[in-house]
Amino acid sequence: MNTQPALPHPDADQITLPNVLTALGDQTRLAIIGHLSRCEGIGMTCGQFTDLASKTSITYHVSKLREAGVVNVTPEGTRRRVTLRRTDLDTRFPGFLDSIITSTRDLHIDGFEDEPNEPAELSRRDP
């Protein structure tokens, strides 16, 4: 099994609103957040976003979200699991993440499926 070193993430108290807003100022990153919100319990792998953009582009966008403290990226062998940092963001900016997720519901990008590639029973659905 290929083990990758842990990636650097900002501590919760280092997450700043300007950095988060900058990271979320891109339509592709907003689409990633929208899809991650539907799979909050399990997250998604970077490979599940390749319908959105090239692997290199997805790596770049996920990196920007990680550096801002919006997502957590955990190596799993040769893949990387991406999850929202909901607890940290809700503590720092109460209600902010839910507002962002709500804004992504109507966001459609050509070539990107409306549903993530995870079993429906594992996906989180907001009312």
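Residues numbered from 1 in each chain as written. Predicted model: local features only at pLDDT ≥ 70, side-chain atom pairs only at ≥ 80, totals over all residues. Heavy atoms only, no water.

(A) Highlighting the packing of helix H2 (residues 27-37) against helix H3 (residues 55-68). One way to put it is that H2 packs onto H3 with a least axis distance of 10 Å and a crossing angle of 75°. Considering the angle they form, H2 stands roughly perpendicular to H3. Judged by residue contacts, Thr28, Arg29, Ile32 and Ile33 of H2 engage Ile58, Tyr60, His61, Val62, Lys64 and Leu65 from H3. Classifying every residue of the contact of H2 with H3 gives 6 nonpolar, 2 polar and 2 charged. (Axes fitted to C-alpha atoms, helices over the stretch in contact; angles between N-to-C directions. Helix = DSSP H or I, 4+ residues; strand = E, 2+ residues; numbered from the N terminus. Parallel < 35°, antiparallel > 145°, perpendicular 65-115°, else oblique. Contact = heavy atoms within 4.5 Å. Nonpolar A, V, L, I, M, F, W, Y, C, P; charged D, E, K, R; others polar.)

(B) Structural view of the layout of surface pockets. Considering only enclosed or pocket space, the largest pocket measures out at about 270 Å³ in volume. If you go around the largest pocket, you meet 15 residues; those closest to its centre are Cys46, Gly47, Lys55, Thr59 and Arg80. Looking at the lining of the largest pocket, the elements with two or more residues in it are H3 and strand E3 (79-84). If you tally residues by element for the lining of the largest pocket, the top one is H3, at 6 residues. The class makeup of the residues in the lining of the largest pocket is 5 nonpolar, 6 polar and 4 charged. (1 Å grid on protein atoms, 1.4 Å probe; cavity = no way out; pocket = protein on both sides within 12 Å on 5 of 7 lines; lining within 4 Å. Points joined across faces, edges and corners; volume = space filled by probe spheres on them.)

(C) View of H2. When you tally the buried positions in H2, you get 10 out of 11 residues, the bulk of the element. Taken together, the buried positions of H2 are Thr28, Arg29, Leu30, Ala31, Ile32, Ile33, Gly34, His35, Leu36 and Ser37. On its buried side, H2 packs onto helix H1 (17-23), strand E1 (44-45), H3, strand E2 (71-76), E3 and helix H5 (96-104). Sitting at the head of H2, Asp26 places a side-chain oxygen 2.9 Å from the backbone nitrogen of Thr28. (Buried < 20%, exposed > 50% of the residue type's maximum accessible area, 1.4 Å probe, protein only. Polar contact = N/O pair within 3.5 Å; in protein donor to acceptor, adjacent residues only side chain to side chain.)

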